[in-house]
Amino acid sequence: MIRSIHTHKVTHTLIALDDQGRVGTALRIDNTPEGWSQALRWSQEFEGERIWGIENSGSLGKGFAQFLLSQGEESVHEVSPRRTAQYRRRGRKQDKTDQADAVAIARLLVAEAQTLPVVQGDDLSTEMRILSDHRDSLLAEHTRLINRLHSQMLQIDPSYRQKSGPLTKKEGILYCQDLQLHAADSLLQTRLLIVRQLCDQVLRLDDEITEIKKAIQQKVRRSNTALVEMSSIGEIVAGRLIGELGSVPRISSAAALASLAGIAPVEVSSGGHRGFRVNLGGNRKLNRAFHIIALVQLRCNPLAKAYYQRKRSEGKTGREALRCLKRQLVNVVFRQFRSADVTSPPERRPEAVAA
């Protein structure tokens, strides 16, 4: 028996399909623990194995999806809204309603349940992902505030950096915060007021970023992950990898990991001509993590430098050679992920890059 859920912020719409693919009853529930319990009781009225398809299981449908897993439901699948739209357009009617979307999700489950991703229960990887996301948000806000501060200081004193130093260091922020100019110019005093407030916000963000960084580092150390054995993977990057892939990755091969991260090229063939182009899709957070690893390897690892130079000598551009290096590092990281857990803090060592 197929159960599909079209999610909204306030309510969810459920549809049941029988074993012959016929649409059964529909149910609308509140997006609350009480509503989730009501939906589970409703589903248990039908016989047969229960297969669930939930749209947005990581956001609007996350609470319901995690509730089902906590109640022992095993076949809970993630459905992307894009695939829902594709199956809805295949129907005889083109109505865009919650019930029509729920039916489309159910049809998708009937056809592709074996290939759809299974929703995973919250664990360490969930903590690592939200910590890493929050750190990235704080860093982006930190950069925005620094840019605003720089803009104001240029209006006050175009040569201020010769005295303050870079604003990326605490000394530079403190210089701007303590700046006192005794002048009758009202506009100048207004700019100084804004500068002081911006400095206060930057310093507060510095403390918050440091706190989040420590939390990530502590959790990575406790996880005993083998990732930190690689000299180019620090605890922050390891935290991002664990957050996106799980403590034990649910991917089956290095090729699958490369595809997931948008590192494997996309084949483009037509009229007997076969070529490849850069994959602009995939998980961009994972892609960025591998980009950082590649840059560190290129700076510190002689084997990575030799591999990069060999690709350049073959006629590849710098970007193309770096993408090749990233693809090789996917193999290395995948092996590290699959290695046995260590029981003591690992020794950091350079990691070889495959030829």
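Just so you know, these numbers come straight off a predicted model, no measurement behind them.

Caption draft 1: Representation of the overall build of the protein. Scanning the protein for helices and strands turns up 13 helices and seven strands. Taken over the C-alpha trace, the protein has a radius of gyration of 26 Å; the compact-globule value for 355 residues is 20 Å, which it surpasses by more than 25%. Viewed in the frame of its principal axes, the protein has a C-alpha envelope of about 80 × 60 × 55 Å. Across the protein, every contact between residues at least 6 apart in sequence was considered, and the portion connecting residues at least 24 apart equals 62%.

Caption draft 2: Just the state of the cysteines, in detail. Summed over the entire model, instances satisfying the criterion amount to zero disulfides. Summary of cysteine pairing: Cys 199 is not part of a disulfide, and the nearest cysteine sulfur, belonging to Cys 176, is at 5.0 Å. For Cys 199, a relative accessible area of 0% corresponds to the buried category.

Caption draft 3: Seen up close, the pattern of salt bridges. In the structure shown here, the tally under the stated rule is 14 salt bridges. Ionic pairing is found between Asp 157 and Lys 163, a salt bridge with its closest N-O pair at 2.9 Å. Glu 244 serves as the salt-bridge partner of Arg 240, at 2.7 Å between the closest nitrogen and oxygen. A residue pair is termed a helical-turn pair when its members lie 3 or 4 positions apart in one helix, as Arg 240 and Glu 244 do in helix α9 (residues 235–245) at four residues. In this structure, Arg 240 and Glu 244 share a single accessibility class: buried.

Caption draft 4: Seen up close, helix α4 (residues 98–112). The end-to-end C-alpha separation of α4 is 21 Å, in line with the 21 Å expected for 15 residues at 1.5 Å each. For α4, the complete set of buried residues consists of Asp 98, Asp 101, Ala 102, Val 103, Ala 104, Ile 105, Ala 106, Leu 108, Leu 109 and Glu 112. Residues of α4 that are buried make contact with β1 (2–7), β2 (11–17), β3 (23–30), β4 (51–55), β5 (76–79) and α3 (81–89).

Caption draft 5: Spatial organisation of the environment of Gln 197. With respect to the helices, strands and loops of the structure, Gln 197 is situated in helix α8 (residues 186–223). Taking the relative accessible area as the measure of exposure, Gln 197 reaches 46% and is therefore partly exposed. Residues Gln 197 and Ala 106 lie 91 residues apart in sequence; the distance between their C-alpha atoms is 53 Å.

Caption draft 6: Highlighting the packing of aromatic side chains. Counted by the stated rule, this structure contains three aromatic pairs. Ring geometry for Trp 36 versus Phe 67: centroids 6.0 Å apart, planes at 45°, classification tilted. Taken together, the residues span a long stretch of sequence, with Trp 36 in helix α1 (residues 33–43) and Phe 67 in helix α2 (residues 62–70) at a distance of 31 residues. A relative accessible area of 15% places Phe 67 in the buried class. Both rings, one in Trp 52 and one in Phe 64, keep their centres 5.9 Å apart while their planes meet at 75°; by these two values the pair is edge-to-face. Of the two residues, Trp 52 is situated in strand β4 and Phe 64 in helix α2; the sequence distance between them amounts to 12 residues.

Caption draft 7: Fine view of unusual backbone geometry. One non-glycine residue with positive phi stands out, namely Asn 56, at about 55°. Within the fold, Asn 56 resides in the loop between β4 and α2. Here the phi dihedral of Asn 224 falls at roughly 55°; this positive angle occurs in a residue that is not glycine. For Asn 224, the location among the structural elements is in the loop between α8 and α9.

Caption draft 8: Structural detail: the nonpolar core. With 59 residues, the main nonpolar core has Leu 149, Ile 233, Leu 241, Phe 290 and Val 333 as its most contacted residues. The dominant element in this core, judged by the number of residues it contributes, is α8, at 12 residues. The residues touching Leu 241, leaving out its near neighbours within four places in the chain, are Leu 227, Ile 233, Gly 246, Leu 286, Ala 289, Phe 290, Ile 293, Val 333 and Phe 337. Among the nonpolar cores identified, the runner-up in size contains 17 residues, and Ile 5, Leu 40, Phe 64 and Val 76 belong to it.

Caption draft 9: Expanded view of the packing of α8 against α9. It is at 9 Å that the axes of α8 and α9 come closest, and there the two elements cross at 70°. It follows from the interaxial angle that α8 and α9 lie roughly perpendicular. Packed against α8, whose contacting residues are Lys 213, Ile 216, Gln 217, Val 220, Arg 221 and Ser 223, the element α9 presents Glu 235, Ile 236, Ala 238, Gly 239 and Ile 242 at the interface. Tallied by class, the residues present in the contact of α8 with α9 amount to five nonpolar, three polar and three charged.

Caption draft 10: Geometry of the side chain of Ser 232. Tracing the backbone through its elements, the reader meets Ser 232 in the loop between α8 and α9. A polar contact of 2.9 Å, which involves the side chain of Ser 232, links it to the side chain of Gln 297. The contacts of Ser 232, once residues within four sequence positions are left out, are Ile 293, Val 296 and Gln 297.

Basis of the calculations
Residues numbered from 1 in each chain as written. Predicted model: local features only at pLDDT ≥ 70, side-chain atom pairs only at ≥ 80, totals over all residues. Heavy atoms only, no water. Helix = DSSP H or I, 4+ residues; strand = E, 2+ residues; numbered from the N terminus. Rg over C-alpha atoms; globule rule 2.2 N^0.38 Å. Contact = heavy atoms within 4.5 Å. Disulfide = S-S within 2.5 Å. Buried < 20%, exposed > 50% of the residue type's maximum accessible area, 1.4 Å probe, protein only. Salt bridge = Lys/Arg side-chain N within 4 Å of Asp/Glu carboxyl O. Expected span 1.5 Å × (residues − 1). Phe/Tyr/Trp six-rings, centres within 6.5 Å; stacked < 30°, edge-to-face > 60°. Core = buried A, V, L, I, M, F, W, Y, C linked by side-chain atoms within 4.5 Å. Axes fitted to C-alpha atoms, helices over the stretch in contact; angles between N-to-C directions. Parallel < 35°, antiparallel > 145°, perpendicular 65-115°, else oblique. Nonpolar A, V, L, I, M, F, W, Y, C, P; charged D, E, K, R; others polar. Polar contact = N/O pair within 3.5 Å; in protein donor to acceptor, adjacent residues only side chain to side chain.

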